[in-house]
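Inside the fold
What follows is each chain in one-letter form.
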Amino acid sequence: MKLLKAFRFIVLLLLAGYIFCLNKDYTPSFNSFFKELTVRQRSHSHAREKRAAGDCFPENCSKINVDIFLSMDTPNNAEAIEFINVLRGAVENVILPLHIIDELVLGSVNLTTACYPNSTGGHQCHCEDQLLWSSDICDTYGACSNASTQNCDCINGIPNGQFCEPSIITLPTPLMTASVITVIKIRTLKTEPTNLIQQLREAVDIVLQFNATTDLIVTSLNLTTVCYTNFNGQQQCQCEDQFLWSCEICETYGACNNDSIGNCDCINGIPPDGQFCETNVTAACLPPSTESAPTGPPTLEARSLSFTMNIDFDESYNDENNDVYQICLLSIETQSRIHILGLQSADLLGFSAGSTIADFEITANTSIQDAAVDALLMAIFSDLRNTFPVVFDSPSNLVIEPPRIFFEDNVTVTCGPPPVELDLRITSTEWRRDGVLINEDDRHSFSQANGAETLLITNYFFTDNGRYQCQLFDEESSFRQDSNGRFNRLETPTIQTVPLQNTILCEVGQQVSLQCSVQDPYQLEFRGISNSETGPAIQHQVTITQADCDNQGLNIICQVIDLPLFRRELRLVLVLDGAFTCVADPEFGNGFLNDVGRASCEINEVGEKTAICRVSGEWEDREDNCTLQRIVELLGQSRFLDEITLPEFLEELSNVTLELSQQVTESPNNIDAIVTIINNVATFVTTSTIQISQVSMEDVLLTTDVLTRDEARESWDILNLEALIETIETRNTIPRNESVSSLLLFGLEGITSRLINASLNIETPLILLNKTTFTNSFNGDFNSTVEIDIEESSGPTNLTVITFESLDNVLPPRDENNATGRVINGRVVLVQSDTTVDNVSFTFDIIDETLGNPQCVFWNFTLFEGLGGWDDEGCELVVRDDETVTCQCDHLTSFSILMSPFVPNRRVLDFITYIGVGISMASLVICLIIEALIWKEVRKKDKAHLSHIPIVNIALSLLIANIWFIIGASISEGDKKNPDACTAATFFIHFFYLVLFFWMLASALLLFYLTVFIFGNISKTTLIAIGFSLGYGAPLIITVITIAVTEPNNAYIQETVICWLNWDKSRALLAFVIPALLIVLINIVIIIVALVTILHSKGMSITVQNNDNYIVVEIARTLAILTPFFGITWSLGVGTLTDPTNLGIHIAFAFFNSLQGFFILVFGTLLSRQVRSLILGLKPSQNSGSGTATTSFGTSSSGGLFGKRNNRKNGGNNSSSDATASSQVASS
């Protein structure tokens, strides 16, 4: 009896629920049904119990209408109307609200319908006031009063479950019949449920009249099919009476009793949902085919499946008697029977690790549908989740947006929502990439909406590539979803256009060629051009229209097909008239004066090139701001590193640098970007607790190896010069301006400081790293080029030594005095330890043994306002032999040795130079004293005066130049050099050496004037003015321009061992060499012309007066001797530049250079007959044309051939000649 009641309750509840799912308008009726059952049950158990009012009041509770049917038996002699009146009174006397239970309050009671037998033996149902029967009921049962209206208040019969309603006129609606199939699943013991099936039959065999709602009536209930598992473990489905299986089902599953007829009442298996025994089944099926069918076992389909339990794996789980095994097997078997059509077997294959994975296999004699498998796995999950923490693996994949990912995209990954059948309440979420847990940070954020979980990746980088997985937890059980393979970032399209920008004259109808290209596999098109080509490289001829001319320009967009965000705009500037300054440049096109031109970078590069159109007609001041796209992407990512992505990032950095090594070494921009990346890595690791592994350190050194190659030297020279210029320009505004070279070394020191504490060796083609541990002392030879000796440490010490073979390509050899002319003549070695080391010895192998003046230095990052340079503080030279230099330092950092490349360190040079300069200065002083003594007499004769002015200025300028030379030498050789003082010394040395040569030029021009005489008569004052303007004005202009151009770039002084003009950086030395050698050449030409003129003139009557021969002769003689002498001297100076290691050239140059003053004294003063006569207080004899004179200095020739010719032609009247010449000059 209890089973019968329970079954009725279950059937009614499922039916109501089914109706509720089909039509949510039945929700109030369903609540009414459930509440009615609750009220009945509680009133039956506690009929006499009265309880106090609960917390529910009509104003704050949900209102539910409940229809109650009350049936009463009355005596035959009683009037039914009397009992109805009693009932009316009882209803009216109920005190409301009436609290039935805590959650249920009776708010109102209304009597609607009264039904009773009438006098004819039938029944009538009367409506109470304000209530009527619907028109459908009135038509069906007939109105008592035969009312003409559609609604009525009395009918001849009792409707099933229907009552009077408020007086609303309704139209009749037709009745509809529907069949509802309900499946009841009951878990039983492993016995044949014969008794249970019989009880189910009896429970169904009842008269049922249930009004689910006012519009829905359950009229019948039939049991059609019973499925169960027999003693042999075989599934069978049996039909009830009057029901059969169709022929197809019987043939598919086979009849239980092997009936030969087509239809059967029992089959061996459970058909899919929705197939049951039927009533109207054809009794006879088609006869079997007479053709012989091949015999054999039925075709079986098998599926290997698995599910995961989040418990630690134990090998004992594979024991068939283990509880875990038994529970999982029971769930697999049970759920497989329910969800898999034609199931033949369900076998648990075993358990494996990770966490614990259960592998099982199902076989069926029909095709196993994916939907059935999904339902099976969900059922197993729901079955086991209360016993074990189970993981449900979603058959669908994570959804990623956008589907195509590029550099720095913001990517959204959506997980779920889980199927509602799992009934999960998400309490926590985990996201993983390639099995590694993802934590929320600046780039990764989690969110939840509509049951789905979302991962937002900001600035997607290549280290975000991978297989993603999310896991949504409901306490310990979870829903897991994977990505469909790996998420991979695509290569960013880089578009090159020709031109990027161009200016052209506007001519309507003119055609202009446009070109656009991109790397594979992308395709391009010109947007908005119907006949545009498509492909990786396209071009188009655009025709200029009048509208384009009116708009003064035309913009055309080249874009990637299907990716319009990747595009490049080509700009044509149209002008009506004007003459272009720069014309048809292949990159920048046309331009007016001072226009800024723009050009595209190469494919796979980002940025652009710029230039300025100058008056020369060329695009000058060109700047290449192009950087490789892959390096730019790594630079962007270097600002968002973490412990997980760092090793992968460093590996990619080394791969890119090695793969693109040629492009890297040839581009200062690429080098600058990579150095910034290394510095960002150093900043990250030094501000965190991360340690650098050996593999990661090797990646860093491989990258650095490429940057320090010889092929990169030119790029480093550009970077170092740019840093120097920037430092000078911002000296008073920015306190720190680190150079790229200094940043590289700084970054390497930072990364090395975080290297793991382990003994290791890393070697690349140009770099050697060794890390070792020692306790007391240490001595090591690294790559046979550097030896390090530490006599004592403060305890167990981890020592790291990195030896760089070619870091001299990177670090400029400027010392603490900003001297740039030295050379790094040994390996650069970086030394670090984790304890204090106060005394360390370095022995460097000398690279170039011809260099001298070794200096032990370390790289000081703070020199020159952060620019960095070599400093010798704390380091001293111990010993130097032919092949090595030994240094002693009291600290650890990056060390090397600097040596002088230009002046060989030989004492003979110093001896020759200083002795020669002393003799030269003494000679010049004597020369000036002599000139001062005879100056009064010399001025009496114009030509003599004019000839002595150049000699005096030559001697004076050379004397002052030698004085400044001594000052510069003392500055250069001091312990602490003074760059400003050295610059001043160089300026004056340069100026006065040029003054010497330009006065020689003035003397040569005077000779030319006196011999050729093509300019007419020029006054003495004019000649003196020309001489001083040329002698001092021209040198001043040259020296000022030189220092103005080179000093801002710190390229004016050479600053090796002497203060002199720079050669390596700016070639400033040419500002002296070119004028000097040019003057030598001009003087030689003038001397030749003068000689030819004199020799071919009869008595020189054409050019000079007879008595003035000796002046011309002395000028010619002086120039003929001093010009070759000075020419040879400074030609040797050029030789010291072309072959700086040649000691013979240096000695010859030092000899001739130091004796210039002595030659001026001898050949410019002492060999002059007039000077000797004036010194001795003698007047020239009347017959002085003999060409010789006897003085205290001995017999001296006055001109050789010149003198003999003068003597022969002029005889003796010198006074007359002088007077004539003087009057001639004055009259001119």
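Structural notes, computed from the coordinates. The shown structure was predicted, so the numbers you read here are calculated from the model rather than taken from an experiment. (Residues numbered from 1 in each chain as written. Predicted model: local features only at pLDDT ≥ 70, side-chain atom pairs only at ≥ 80, totals over all residues. Heavy atoms only, no water.)

1. A short note on the side chain of Ser532
Along the chain, the position of Ser532 falls in the loop between strand E28 (524–526) and strand E29 (537–543). A relative accessible area of 16% means that Ser532 is categorised as buried. What Ser532 contacts, discounting residues up to four positions off in sequence, is Glu525, Phe526 and Ile538. (Helix = DSSP H or I, 4+ residues; strand = E, 2+ residues; numbered from the N terminus. Buried < 20%, exposed > 50% of the residue type's maximum accessible area, 1.4 Å probe, protein only. Contact = heavy atoms within 4.5 Å.)

2. Things to note about the state of the cysteines
Summed over the entire model, instances satisfying the criterion amount to 15 disulfides. For Cys982, the disulfide goes to Cys1059, at an S-S distance of 1.9 Å. Across the S-S bond of Cys982 and Cys1059 the torsion is about -125°, and the bridge reads as left-handed. With Cys982 in helix H20 (residues 979–1012) and Cys1059 in the loop between helix H21 (1020–1046) and helix H22 (1070–1096), this residue pair connects regions lying 77 residues apart in the sequence. Residue classification places Cys982 among the buried positions, given a relative accessible area of 6%. A relative accessible area of 4% means that Cys1059 is categorised as buried. (Disulfide = S-S within 2.5 Å.)

3. Concerning helix H14 (residues 694–707)
The terminal C-alpha atoms of H14, which comprises 14 residues, lie 20 Å apart, in line with the 20 Å expected from a rise of 1.5 Å per residue. Of all 14 residues in H14, 10 are buried; the element is thus mostly enclosed. (Expected span 1.5 Å × (residues − 1).)

4. Some words on the nonpolar core
Grouped together as the largest cluster of nonpolar side chains are 58 residues, with contacts concentrated most on Leu646, Val664, Met697, Leu707 and Trp716. With 10 residues, the single largest contributor to this core is helix H13 (residues 668–686). If near-sequence neighbours (up to four positions away) are discounted, Val664 is found in contact with Leu628, Ile631, Thr657, Asn670, Ile671, Ile674, Val706 and Leu707. (Core = buried A, V, L, I, M, F, W, Y, C linked by side-chain atoms within 4.5 Å.)

5. Quick word on the pattern of salt bridges
It is possible for side chains bearing opposite charge to pair when their charged atoms get close. In the structure shown here, the tally under the stated rule is 20 salt bridges. Of the charged contacts in the structure, one is a salt bridge between Asp434 and Arg486, with a shortest N-O distance of 3.5 Å. Linking Asp434 in the loop between strand E19 (428–433) and strand E20 (436–437) with Arg486 in the loop between strand E24 (477–482) and strand E25 (496–498), this pair joins segments that are 52 residues apart in sequence. Judged by its relative accessible area of 46%, Arg486 falls in the partly exposed class. (Salt bridge = Lys/Arg side-chain N within 4 Å of Asp/Glu carboxyl O.)

6. What about the sheet that holds strand E31 (residues 563–575)?
Here four strands make up an open sheet; going across it, the order is E26-E31-E30-E28 and the pairing mixed. Single-partner strands in this sheet number two, and they are strand E26 (501–505) and E28. Direction aside, the axes of adjacent strands within the sheet are offset by 25° on average. (Pairing = 2+ DSSP bridges. Axes fitted to C-alpha atoms, helices over the stretch in contact; angles between N-to-C directions.)

7. Concerning the packing of helix H10 (residues 629–637) against helix H11 (residues 646–659)
At a minimum axis separation of 11 Å, H10 and H11 run at an interaxial angle of 160°. Judged by the angle between their axes, H10 and H11 are roughly antiparallel. Between H10 and H11 lies a crossing whose hand is left-handed. Seen from H10, the contacting residues are Arg630, Ile631, Leu634 and Gln637; seen from H11, they are Phe649, Glu652, Leu653, Val656 and Glu659. Of the residues belonging to the contact of H10 with H11, the class tally is five nonpolar, one polar and three charged. (Parallel < 35°, antiparallel > 145°, perpendicular 65-115°, else oblique. Left-handed = near helix turned anticlockwise from the far one by under 90°. Nonpolar A, V, L, I, M, F, W, Y, C, P; charged D, E, K, R; others polar.)

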